[in-house]
Amino acid sequence: QVQLVESGGGPVQAGGSLRLSCAVSADTFRTYAMGWFRQAPGKVREFVAAISWRGSSTYYADSVKGRFTISRDNANTLYLQMNSLKPEDTAVYYCAADKSLYSQATRRITDYDYWGQGTKVTVSS
């Protein structure tokens, strides 16, 4: 069973930065496309960013483009660097893995097979 564990969330003031991490317990991590999603209170879960299995392709939601950066390393960890945070970025952030081998980055929530438990980010004005 693949496990994803997010960390790095917390309270931050508007304009500040946070870096989220997602540790993946799978040797096949390197073959997975990965993504970040978020869910604000009372709203549906939405796409934030995605990265291909090789890390060569990335995609971002328009709302975070230019402020957030998704990356991955060779130690089974996915990151989301969040800069210039806004109150509307407040949400629970989830990392997700697409188990299709050597998959490209995807925005579609239904393409992801494994999910973490989420880490809460609260941005105050």
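These notes cover the structure that comes with them. Sequence positions are assigned chain by chain, starting from 1 and proceeding in written order. Given that this is a predicted model, residues contribute local features only at a pLDDT of at least 70 and side-chain atom pairs are listed and counted only at 80 or more, while totals for whole chains, interfaces and linings are drawn from all residues. With hydrogens and water set aside, each side-chain value is computed from the structure's full complement of heavy atoms.

### Digging into the overall build of the chain
Where helices and strands are cited, they refer to DSSP runs of H or I of at least four residues and of E of at least two residues respectively, numbered from the N terminus. Across its full length, the chain carries zero helices and 11 strands. Helices and strands in the chain line up, N terminus first, as β-β-β-β-β-β-β-β-β-β-β. Each radius of gyration reported is based on C-alpha atoms, and the globular scaling rule is 2.2 Å times the count of residues to the power 0.38. The globule rule puts the C-alpha radius of gyration for 125 residues at 14 Å, and the 13 Å found for the chain is close to it. Viewed in the frame of its principal axes, the chain has a C-alpha envelope of about 40 × 25 × 25 Å. Relative accessibility thresholds used throughout: buried, under 20% of the residue-type maximum; exposed, over 50%; partly exposed, between the two (1.4 Å probe, protein chains only). Here the chain holds 125 residues, and the buried ones make up 49% of them. Any pair of residues with heavy atoms lying within 4.5 Å of one another is described as a contacting pair. Put simply, of all contacts in the chain between residues at least 6 apart along the chain, 60% involve residues at least 24 apart. When the accessible surface of the chain is split by element, carbon and sulfur atoms take 47% of a total near 6,400 Å². Note on charges: Lys and Arg go in the positive column, Asp and Glu in the negative column, and His and the chain ends are not counted at all. Each charge is placed at NZ for Lys, CZ for Arg, CG for Asp and CD for Glu. Across the chain, 14 positive and 10 negative side-chain charges occur, with their mean positions spaced 3 Å apart. Accessible areas in this description were obtained via Shrake-Rupley with a 1.4 Å probe; residue shielding takes into account the shown protein chains only.

### A word on the pattern of salt bridges
Any Lys or Arg side-chain nitrogen located within 4 Å of an Asp or Glu carboxyl oxygen qualifies as a salt bridge. Considering all chains together, one arrives at five salt bridges under this definition. Of the charged contacts in the structure, one is a salt bridge between aspartate 89 and arginine 67, with a shortest N-O distance of 2.8 Å. With a gap of 22 residues between them, aspartate 89 in the loop between strand 8 (77-82) and strand 9 (91-98) and arginine 67 in the loop between strand 6 (58-60) and strand 7 (68-72) connect regions that are remote in the sequence. Classification of aspartate 89 as buried rests on a relative accessible area of 1%. For arginine 67, a relative accessible area of 11% translates into the label buried. Linking arginine 108 and aspartate 111 is a salt bridge whose minimum nitrogen-to-oxygen distance equals 2.9 Å. For arginine 108, a relative accessible area of 54% puts it in the exposed group.

### What about the pairing of strand 4 (residues 33-39)?
With six of seven residues buried, strand 4 is to be regarded as a mostly interior element. With seven bridges connecting them, strand 4 and strand 9 associate as antiparallel partners. In the sheet register, arginine 38 faces strand 9, and the bridge partner there is tyrosine 93. Bridging between strand 4 and strand 5 (residues 46-51) involves five bridges; their strand directions are antiparallel. Bridge pairing in strand 5 links phenylalanine 37 to phenylalanine 47. Linking strand 4 to strand 5, which pair antiparallel, is a turn of six residues; within it glycine 42 sits at a positive phi near 75 degrees. Only strands that DSSP links by at least two bridges are regarded as paired with each other.

### Some remarks on the nonpolar core
Take the buried Ala, Val, Leu, Ile, Met, Phe, Trp, Tyr and Cys residues and link them wherever side-chain atoms come within 4.5 Å; each set so joined is a nonpolar core. Ranked by internal contacts, the top residues of the largest apolar core, which has 38 residues, are Leu4, Met34, Trp36, Leu80, Met82 and Tyr93. Mapped by element, the contributors of at least two residues to this core are strand 3 (18-24), strand 4, strand 5, strand 7, strand 8, strand 9 and strand 11 (119-124). When sequence neighbours within four positions are dropped, the list of residues in contact with leucine 80 reads Leu18, Arg19, Leu20, Trp36, Val48, Ala49, Phe68, Thr69, Ile70 and Tyr93.

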